[in-house]
Amino acid sequence: MGSLINAVTLGRTRPRQSISTIGAVLIACSSFAAVSQQDGRSLFQSNRAELAIAGVHRLGGFVYSTVRCPTLSRQNELSRRAAPTAAVRQMLESHVAAQLSCTECTPTVQRAAAAVGLSCLERSIAFQGLETVCDEVEGSEFVVVRCIPAAKLDALRMDRDQVMQCVLARADKGAISVPEAMVLLELCPDASPLLPKVRGIAVAAFSSAYGSGIGLTVRGAWTNEEKTVPADALELWTLSASNAVARGNSLSDALAPIGPAFFASRDLEERFAFLGHRMHDPNAIAALAKSLTDDGWLRAAEVMSAKLLPLAVVRDHHGFKLSPDLRAKIASTPIVTLLLLTAGQANVALTTGAESQLLIDGRAAFDRKELAHLLRAATLLQQSIASEPQIEAMVLLGATLLALDDPALALPICTAAFRAVPAHRYAGINLLRALRALELKDEARAILPNVRRDSGSHLSKWGIDQLALIETWIDPKSLPVPAAP
């Protein structure tokens, strides 16, 4: 199972900006104030040992930002060229972080929040009094120190409320990045009336970046408002079904949650993407929530684990008339995978209307009854529901799988068909037949009154006979007592 994540092209699911690079600002350094240059430079020379340490320092009414990089390679030479801008960025991020007052946040969240806050400043910032007071080699390192009067830096304001309003304004204009959404979620106060909106913005950003399974998992739903499932949300489930069943494994093994050990070497983005393409996998949810919690993204972890839907327990029974490849193809058809995961209870839309040619040809093959034709019917009907899940195709596929002695694969299909059209003359009978083949007597006993009520008046003679057989199986009639001699 370790190769499953490779099936998802993470490049298409990564956010447009990562936490490490968000908030790049074009710094325009102009109008140097000569009045302060000598004071800042002299103060640096007098306190060089302290101010040459990498980081941001305040001293004597000035702010110093020091960047150090090795001198050993051409790559480091490139770093030296970028060092003056990096020093200004470091200064600004430190300034924004102090205004955010996010003392309860972990260092990871603080850095991300400062980067987002920095991105909310004007795209071009003109500093008066900014100067380079050191640009030289010291041992095996380049040392670059930039200085600005503290009053000039302090004039730039970007506190927690301003960052929130900035990101909310961006969200109103269009999609925002995952780091922006995570920072917005973390900065929003518990009692804020904006919190529900912020949660929705964050989930939309996660889903857009990493897959539709994120939003469905958070909503506690298997389908969207149109009762359909975005293909990406089931992508890794269908891959499991395809690979495992084709190898001869059971449906139970194929659709079990991924083992927790799988996530040990996966980073946060990979865990997001995995759940985005394998919605409702409980181990994927737990792994993502743990990673978020460990990094201090407590709100995001809470959102991701708010609603947990149980997966159905698949009871397999394979009659071996289907080849592993054909069985895998049917099981990995997205709507069938979904129905297996939910025991046929997913609220999916099954269509009516003009029958497709695949359905017409499938019915003709089914009516011939011989094994080869039944296998052809299964193939055609799989193609039919993969293209459009019509109710008649679902009913007929369930009946075909029963004829091929595969009630485990048929059961969720029959269940969905009966839930969609209870009055259908075959749907309820097929459901009871599947339950009988799997020896699920209690479940059949529970559903029997509904079949009698909803489809009893529509049954053919064959259906009436089948219902009688099932009723006898559920509650066998007592044998007559022999007469006394």
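See above for the structure.
Since this is a predicted model, take the numbers as computed values, not measurements.

Caption draft 1: Representation of the state of the cysteines in the model. In total, this model carries 2 disulfides according to the counting rule given. Here C102 is linked by a disulfide to C105, with a sulfur-sulfur distance of 1.7 Å. Using a relative accessible area of 5% as the deciding quantity, one classes C102 as buried. In the protein chain, the cysteines engaged in disulfides, taken in order along the sequence, are linked 1-2, 3-4.

Caption draft 2: Representation of the layout of surface pockets within the structure. The volume enclosed by the largest pocket comes to roughly 450 Å³. Lining the largest pocket are 20 residues, with A343, L411, T415, L435 and L440 sitting closest to its centre. Looking at the lining of the largest pocket, the elements that each hand over two or more residues are helix 17 (334-341), helix 21 (407-420), helix 22 (427-437) and helix 23 (441-455). A per-element tally of the lining of the largest pocket places helix 21 first, with 6 residues. By residue class, the composition of the lining of the largest pocket is 15 nonpolar, 2 polar and 3 charged. As a volume, the second largest pocket reaches approximately 350 Å³. Elements represented by at least two residues in the lining of the second largest pocket include exactly helix 18 (357-367), helix 20 (391-403) and helix 22. Each residue belonging to the lining of the second largest pocket can be placed in one class, and the counts come to 8 nonpolar, 2 polar and 6 charged.

Caption draft 3: Up close: helix 5 (residues 107-120). For helix 5, which comprises 14 residues, the first-to-last C-alpha distance of 20 Å matches the rise-based estimate of 20 Å (1.5 Å per residue) to within 8%. Counting buried residues in helix 5 gives 10 out of 14 residues, a clear majority hidden from the surface.

Caption draft 4: Quick look at the packing of helix 11 (residues 235-246) against helix 16 (residues 324-331). In contact at an axis separation of 8 Å, helix 11 and helix 16 are set at 165° when each is read in the N-to-C sense. Regarding the angle of helix 11 to helix 16, the classification is roughly antiparallel. The two elements helix 11 and helix 16 meet at a crossing, and its hand is right-handed. Along its contact with helix 11, which presents A241, S242, V245 and A246, the element helix 16 presents P324, D325, R327, A328 and A331. Among the residues forming the contact of helix 11 with helix 16, the class breakdown is 6 nonpolar, 1 polar and 2 charged.

Caption draft 5: Representation of the pattern of salt bridges in the model. Scanning the entire structure with this criterion turns up 22 salt bridges. Here R68 makes a salt bridge to E138, at a shortest N to O gap of 2.5 Å. Of this pair, R68 sits in strand 3 (residues 62-70) while E138 sits in strand 5 (residues 131-138); the two residues are 70 residues apart in sequence, bridging distant segments of the chain. Judged by its relative accessible area of 25%, R68 is partly exposed. For D454, the salt bridge identified is with R453, shortest N-O distance 3.0 Å. Its relative accessible area of 57% is what places R453 among the exposed residues. One salt-bridge network, in which partners are shared between bridges, spans R48, R68, E136, E138 and E141.

Thresholds applied
- Residues numbered from 1 in each chain as written.
- Predicted model: local features only at pLDDT ≥ 70, side-chain atom pairs only at ≥ 80, totals over all residues.
- Heavy atoms only, no water.
- Disulfide = S-S within 2.5 Å.
- Buried < 20%, exposed > 50% of the residue type's maximum accessible area, 1.4 Å probe, protein only.
- 1 Å grid on protein atoms, 1.4 Å probe; cavity = no way out; pocket = protein on both sides within 12 Å on 5 of 7 lines; lining within 4 Å.
- Points joined across faces, edges and corners; volume = space filled by probe spheres on them.
- Helix = DSSP H or I, 4+ residues; strand = E, 2+ residues; numbered from the N terminus.
- Nonpolar A, V, L, I, M, F, W, Y, C, P; charged D, E, K, R; others polar.
- Expected span 1.5 Å × (residues − 1).
- Axes fitted to C-alpha atoms, helices over the stretch in contact; angles between N-to-C directions.
- Parallel < 35°, antiparallel > 145°, perpendicular 65-115°, else oblique.
- Left-handed = near helix turned anticlockwise from the far one by under 90°.
- Contact = heavy atoms within 4.5 Å.
- Salt bridge = Lys/Arg side-chain N within 4 Å of Asp/Glu carboxyl O.

Such coordinate-based values are descriptive only and should not be taken to indicate function.
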